[in-house]
Every structure is written in structure tokens, then in C-alpha cells.
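# Inside the fold
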Amino acid sequence: MTRSALSYDLFFNRETSWLEFNRRVLHEALDASNPLLERAKFIAIFSNNLDEFFMKRVGGLKRQIEGGVTKKTIDGRTPKEQLQAIRPIVMEMVECQRKCLVDDIIPALRKEGVSILNYSELSRHEKKHVDHYFQKAVFPILTPLGVGPGQPFPFLSNLSVSLAVRVRKPNSKTECFARLKVPQNRPRWVATGEPNTFVPLEQLIQANLDNLFPGMEILESRSFRVTRNADIERNEEEAEDLLELIEEELRYRKSAPVVRLEIEQTASSGILDWLMGELGLGDDDVYKLNGPLNLVDLMSLGSLDFPQLKAASWSPITPRKIKELDKDEETRSLFQLMKEGDILLYHPYESFSTSVVRFLQEAATDSQVLAIKQTLYRTADNSPIIAALVEAAQNGKQVAVLVEIKARFDEAQNIQWVRMLESAGVHVTYGFPGIKTHSKTLLVVREEPDGIHRYFHIGTGNYHSGTAKLYTDHGILSCRKDIGEDLTDMFNYLTGHSQQIRYRKILLAPVNMRAHFVRLIKREIEHQKKNGNGRIIAKMNSLEDLEIIKILYQASKAGVQIDLIVRGFCCLRPGLPKISETIRISSIIGRFLEHSRVFYFYNGGKERIFIGSADWMSRNLSYRVEAAVEVEDENIRSQLKEILNIHLSDNCKAWDLQSEGTYVQRKPADGELPRNSQSMFMERASRLNEG
């Protein structure tokens with residue numbers, strides 16, 4: 001498909017659309033109807049998202065500019081033009097974040113008994129308390145690093161807070177600079193001795209600099225923070241050892257070029273010029289902040305014992321079928337239950353531990369299980385998934401695991417899992433050069449009296465027990481023969497040299513998934529032209545793929561009714577006359593991260609629904625191994641339709657994308673009951689659990 005066939009104004013820019021997503025995250029902090037500590041949590045999430053954006057996206061754009069790349073995006077912007085568009089949006093949002101935290105959340109928390117104070121606000125007694133803590137627990141580990149002849153500019157680790165200190169000897173006009181790293185192995189919010197009252201660690205250090213520079217006149221100290229590029233170019237095709245290549249990349253990333261400098265707004269030109277010169281930065285790389293840096297650390301406030309300031313707690317329920325299994329007087333296994341029919345899972349409303357983890361743990365100890373095969377993209381610290389795989393290998397099962405060591409920001413963790421699994425006798429592969437394995441698949445091969453049976457899980461989310469409590473994801477537990485055979489072929493494709501291109505049921509990227517989705521959309525166009533009943537509902541994280549967007553525009557021109565629930569960035573422009581009039585796009589931002597991928601096609605009344613690991617993005621459909629499966633169980637199809645309709649009816653946490661690129665949050669109309677989809681799913685899970 002040629003770029004020239006489409007007008008640039010039919011698309012939104014990916015980077016600015018992502019920033020609009022993060023603006024919706026920030027709105028959860030601005031929303032006074034949310035509990036205060038929940039609002040502080042969203043400040044932290046917004047900050048963490050922005051850190052990753054600079055490391056990956058801004059870092060990538062800078063690398064393109066340095067390489068002389070001038071190729072335009074689908075909306076017609078060069079890398080340089082995208083950087084120019086990003087900066088004012090970020091500055092405006094960061095100032096909004098500051099006002100929300102400093103002028104609203106912190107004063108409100110103080111009224112509720114939680115105080116984050118400046119050092120200057122502390123009482124004499126509190127200063128004595130924290131100064132004693134400084135001498136005892138902080139001072140011994142600090143290392144001021146001066147810069148001058150014989151003292152090179154020190155290394156600055158990514159995302160760590162430092163102090164830039166300007167000093168001089170008494171009766172001297174010569175100024176000197178030093179850098180002091182704020183230790184990350186000490187609490188960021190230092191207890192003052194008064195209940196639930198804290199002072200930022202960097203301010204405590206600043207108040208005690210005389211201890212670190214005795215005999216010197218301290219002229220100025222300002223906190224700052226650097227962000228380094230994490231978008232590293234690598235030639236995987238020529239690598240002799242992919243594991244070694246990734247380890248080398250991790251070493252390089254620690255000293256990668258700085259792409260952002262955050263610094264206190266009051267920093268003098270002397271300190272700012274010093275840092276910019278040493279780091280090789282321009283004015284557009286500097287973000288002056290009037291407030292505390294590294295607000296990701298606000299997440300730690302969630303451990304405070306103030307339940308009234310947090311969202312109501314939620315404990316995922318055991319899926320009803322599995323719960324009933326445990327009530328049976330006869331001891332029955334999950335394998336027997338799966339033989340009776342497919343089981344739909346919906347996390348975090350339903351428990352990951354009592355479903356997916358239990359499935360793997362039963363397989364690890366079941367004497368009839370011969371083999372276990374699994375893909376792992378991300379998993380948790382102290383992962384029960386890893387423990388079960390190790391136990392299975394120790395119990396003599398054939399265990400094969402593909403660990404994607406290129407999962408961004410989890411590379412080091414995944415390399416550790418590789419070595420642990422290999423030491424336990426697990427057959428481990430690392431993925432393909434130039435492509436990531438992102439599918440969420442688990443296959444168990446079991447020998448039974450009537451022969452070999454395959455049991456499996458296919459999901460939309462990672463095998464991560466931590467994020468399974470925070471991300472909304474679907475999964476299917478099943479023993480359908482045709483899909484089990486497909487998964488066997490898929491694992492041979494992943495671990496061997498198989499070139500399998502035909503699959504019975506599963507959609508596999510980059511093999512057949514894109515073409516299949518295009519055919520399904522075209523079929524809705526045919527139904528619309530013939531019967532006027534074309535209908536598509538698709539839920540995903542992001543939408544950017546040019547071919548998919550083009551065919552959706554064709555479907556809209558034909559009159560197909562299309563609802564897209566896209567949590568993150570979206571490059572499709574809805575509501576354009578004669579182009580996308582029938583396309584509606586919404587985004588839901590709530591206490592849980594919407595992460596499930598569900599695709600519904602009315603198909604002239606013979607409805608088809610798919611769940612899987614892939615968004616409609618070029619990287620997912622062309623450059624990743626992804627798996628999706630059609631839901632054929634009528635009851636599960638009905639459940640997924642109900643879930644999609646609840647999402648579409650949300651009038652509290654849903655935002656509608658406008659044709660010019662802004663989002664408008666839905667509000668209940670006069671007399672209309674509030675419909676918060678995530679709250680409704682919690683109520684629904686509880687109701688089904690009790691029924």
C-alpha cells in the first residue's frame with residue numbers, strides 16, 4: 001500500500017496521541033471524586049509513563065535525527081517536527097501535574113493527617129529528629145563528587161535524583177561544582193517523628209550540606225534528574241549470541257545519551273550551563289520544574305494505613321466453575337473440568353492465582369502430564385509461574401519455555417529467569433532475531449487412557465501475578481483438539497526451524513493474523529452492502545497500523561457501524577464526513593489498566609469473537625509473534641458480548657475521541673444512573689460468585 005494514496009490529515013500523530021492518553025491518566029489525579037491516595041498514585045503513574053515515553057519514544061526520535069532520518073510519519077511529520085510538537089504538550093501537562101500535587105493533593109492530605117512538608121516548614125523538634133537520622137543513616141553513604149582538574153564529570157545514572165552543588169573557598173572568587181547523588185536505598189519520604197509526617201530526602205540532604213563540604217561556602221544546591229535513551233539500535237541478524245547481545249545492550253543503556261534534564265526551576269544559569277555543557281544538551285532538552293522531582297516515588301504512600309483515602313480494596317474471586325470444582329465431594333482435577341467445556345477468565349475480577357497458576361501447578365505435579373510448553377514475555381519477582389516450571393522439570397516433565405529476553409525494561413530480569421530455568425533442566429529459547437515473541441500461550445500435554453490430550457491457556461496478558469491484579473485481561477482455559485494441535489505447531493515454529501504457515505484455528509502473527517483480520521473487516525463491508533447490518537466492536541491498547549486503518553475507513557464509507565475501545569494512542573481519526581462518520585472511538589481510564597484485546601464481528605448474525613495478545617499495530621501484526629483465538633463456546637461469546645456492551649455504556653470513566661484529536665469525558669445525563677464499567681465488573685464478579 002502506498003503512502004501517497006492517503007492524505008496526511010486522515011491520521012493522528014502517534015506521539016502526540018500517546019501524550020493525550022497520559023493526559024487522561026493525569027485527569028484521574030485531578031478528579032476530586034477519587035480518594036486522595038488514589039489521586040497521588042495516578043500522579044506517580046503519569047510520571048512513570050512520561051519517563052518511559054522519553055526513554056523510548058523521544059530517545060528513538062533523537063536517534064533518527066542524529067542518523068539523518070527525514071522520513072515522515074503517517075500524519076506527515078519528520079522526527080524533528082515530532083520533537084517540536086512534543087515539548088509544549090509535555091510542559092503544559094507537567095505544570096498541570098505540579099499544580100494538582102502542590103496546590104491540591106498535598107494540602108488536602110495534610111487535612112487528613114498525612115503531611116509532606118518542606119524542610120523549612122518543620123518544627124525545631126522535627127528538624128532535630130530528621131537531622132539525627134541524616135547523621136546516622138544518610139551521611140555515611142553519601143559521596144560528593146567534585147568536578148575540576150583531575151576530577152572528570154561523574155556518571156549520572158538513569159532516572160536518579162542528584163544535587164548539583166555550587167561552592168567556593170572562603171575569600172576566593174573561584175567557584176567549584178560538585179554532584180551528590182540522592183541515595184535510592186533510603187526512603188524518599190523521611191519520617192519526621194510526628195505521625196505520618198514526611199520531608200523529601202533531597203531537602204534533608206540540602207539542609208545538611210555543611211557536613212559534606214566543611215570549610216567551603218555553599219552558594220547553591222539544586223536537585224536534578226536525567227533521563228537516558230533506551231532506544232538502542234542493534235543488529236540481531238548478525239549476532240552470534242542473542243543473549244550476549246542483549247546483555248551488551250543493557251551495559252550500553254546505562255551510559256546512553258541523555259535525552260531529558262529535569263531541574264529545579266530556581267537553578268542559576270551557572271549550574272544549568274554547567275550541566276547542559278557536560279551532558280551535551282540544548283535548551284529544548286531541559287525541563288525546569290517548580291516542585292519535587294521523581295514523583296514516581298509517590299507510589300510508596302499507598303502503604304500508609306489510611307483505608308478511607310484509598311480505593312475500596314478488591315480481592316479477585318475464584319472463577320465460579322473452579323470454585324464449584326473444589327466443592328465436589330469427589331476429588332477432581334482442573335483437567336477434568338476443562339474437558340467439560342471452555343472456561344473464560346477475566347482478570348483482575350477473577351483470580352489469576354486460582355486459575356492460570358493453579359493450572360500450571362497441577363500440571364507440574366500430575367503424573368500423567370508428559371510435557372509443558374509456554375511463552376513468557378514478562379513475569380513477576382518470585383514468580384509462581386517460574387517456580388511451577390522448575391518443579392515440573394524436576395518431576396521429569398519435558399518443559400520448553402520461550403523467554404522473550406528483548407521485553408523492554410525487563411531484559412535483565414528475563415535473563416535471570418533464563419539461567420534459573422536452564423539450571424533446572426528446562427529447555428529455554430530466547431526468541432527470534434529481529435522479532436519479539438509476545439503471545440500469551442501455555443500448552444500442557446497429558447497422557448490419558450484414551451490417548452494423548454492437549455490442555456492449554458491462551459490469554460491477552462502476561463503471565464505476571466502482580467500485573468494480573470492491576471491489568472484487565474481475558475484468558476481461555478480449554479482442551480479443544482484443533483487449537484491444541486495448532487499450539488503444538490506454533491511451539492515447533494518458535495523453538496525449531498518449522499516454517500508452518502497453515503493453522504486450523506489460531507491467528508498467528510506475523511503469519512496469518514493481519515490477513516485474517518482484514519478479511520473479517522471486508523466481510524462486514526459485504527454484509528453492510530447486502531443487508532445493511534455490518535458491525536464491528538474492537539477493544540485494544542493502541543491502534544496505529546496503516547493497512548487496518550485504511551480498511552476500517554473503507555468499512556465506514558460503506559456504512560459499517562464501528563466501535564473501537566482504544567485505551568492508549570490511536571492514529572485513526574473518527575467522525576470525518578464521508579470517511580469515518582460511522583466510527584466511534586472511546587478510551588476507558590480507571591483504577592485498573594485496560595489491557596484486554598477483544599475483536600467482535602457481527603458477520604450477518606453468525607457472530608465471531610476473538611481474544612488475543614495483539615493490538616492493531618504494525619509492530620504486533622508484522623514484527624511480533626502474537627496469538628489470537630476465536631471463541632466458539634456460545635456461552636462465552638455471550639459473556640464477552642455483555643462485557644463489550646458494558647464498556648460501551650460506561651458514562652463515568654470513558655472518554656470519546658473527537659475528530660480534531662481531543663477527548664471528551666462522558667458524564668451521566670440528567671436522570672441517568674452512573675455506569676462505571678470497572679465497578680460494574682467487580683459487582684458482576686461478586687454476584688456470579690455468590691450465585
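Here, every reference points to the structure presented above.
Residues numbered from 1 in each chain as written. Predicted model: local features only at pLDDT ≥ 70, side-chain atom pairs only at ≥ 80, totals over all residues. Heavy atoms only, no water.

### Here's the deal with the packing of helix α8 (residues 320-327) against helix α10 (residues 353-365)
Running from amino to carboxyl end, α8 crosses α10 at an angle of 65°, the nearest separation of the two axes being 10 Å. By the angle class used here, α8 and α10 are roughly perpendicular. In contact with I322, L325 and D326 of α8, α10 contributes T354, S355 and R358. In terms of residue class, the contact of α8 with α10 is built from 2 nonpolar, 2 polar and 2 charged. (Axes fitted to C-alpha atoms, helices over the stretch in contact; angles between N-to-C directions. Helix = DSSP H or I, 4+ residues; strand = E, 2+ residues; numbered from the N terminus. Parallel < 35°, antiparallel > 145°, perpendicular 65-115°, else oblique. Contact = heavy atoms within 4.5 Å. Nonpolar A, V, L, I, M, F, W, Y, C, P; charged D, E, K, R; others polar.)

### With respect to the pattern of salt bridges
Following the criterion strictly, the structure yields 47 salt bridges and no others. Note that E340 and R332 form a salt bridge whose closest N and O atoms lie 2.0 Å from each other. A relative accessible area of 56% means that E340 is categorised as exposed. Here D615 ties to R597 by a salt bridge, and the two come within 3.0 Å at their closest N and O atoms. Here D615, found in the loop between β24 (608-612) and α16 (618-622), pairs with R597, found in the loop between β22 (593-594) and β23 (598-601); they are 18 residues apart in sequence, far enough to count as distant. When its relative accessible area of 3% is taken as the criterion, D615 is described as buried. The class of R597 is buried, set by a relative accessible area of 3%. (Salt bridge = Lys/Arg side-chain N within 4 Å of Asp/Glu carboxyl O. Buried < 20%, exposed > 50% of the residue type's maximum accessible area, 1.4 Å probe, protein only.)

### Considering the side chain of D489
Topologically, D489 is positioned in helix α13 (residues 481-495). Apart from residues lying up to four places away in sequence, D489 is in contact with Q500, Y503 and R504.

### Things to note about the sheet that holds strand β6 (residues 197-200)
With mixed pairing, 3 strands are arranged side by side in an open sheet as β1-β6-β5. A single partner strand is all that each edge strand has here, and the edge strands are β1 (115-116) and β5 (189-191). Bridge count for β5 against β6 is 3 bridges, and the pairing is antiparallel. If you follow W189 over to β6, its bridge partner there is P200. In the packing of helix α4 (residues 124-138) onto the sheet, contacts are made with β5 and β6, and the angle to β5 comes to roughly 115°. (Pairing = 2+ DSSP bridges.)

### Some remarks on the pairing of strand β10 (residues 343-347)
For β10, a buried count of 5 out of 5 residues is recorded, marking the element as mostly surrounded by other parts of the structure. Neither face of β10 is open: one carries I343, L345 and H347, the other L344 and Y346, and all of them are buried. Of the strand pairs in this sheet, β10 and strand β17 (residues 471-478) are connected by 5 bridges, and their pairing is antiparallel. Following the sheet pairing, Y346 is matched in β17 by H474.

### Concerning the packing of helix α17 (residues 634-649) against helix α18 (residues 677-690)
The N-to-C vectors of α17 and α18 enclose an angle of 145°; their axes lie 9 Å apart at closest approach. Note on packing geometry: the crossing formed by α17 with α18 is right-handed. Packed against α17, whose contacting residues are Q639, E642, I643, I646 and H647, the element α18 presents S677, M680, F681 and R684 at the interface. Among the residues making up the contact of α17 with α18, the classes are represented as 4 nonpolar, 3 polar and 2 charged. (Left-handed = near helix turned anticlockwise from the far one by under 90°.)

### What to know about helix α14 (residues 513-531)
Between its terminal C-alpha atoms α14 stretches 27 Å, which fits the 27 Å expected from 19 residues at 1.5 Å a residue. Within α14 the residues assigned to the buried category are M513, R514, H516, F517, V518, L520, I521, E524, I525, H527 and Q528. Backbone geometry just downstream of α14 places G532 in the positive-phi region, at approximately 70°. (Expected span 1.5 Å × (residues − 1).)

### Let's talk about the layout of surface pockets
Considered as a void within the structure, the second largest pocket measures approximately 580 Å³ in volume. As for the second largest pocket, its lining consists of 26 residues, of which V102, N118, Q203, G291 and P292 are closest to the centre. Sorting the residues of the lining of the second largest pocket by element identifies α3 (79-111) and α5 (201-207) as the ones contributing at least two each. Ranked by the residues each element gives to the lining of the second largest pocket, the list is headed by α3, at 6 residues. (1 Å grid on protein atoms, 1.4 Å probe; cavity = no way out; pocket = protein on both sides within 12 Å on 5 of 7 lines; lining within 4 Å. Points joined across faces, edges and corners; volume = space filled by probe spheres on them.)

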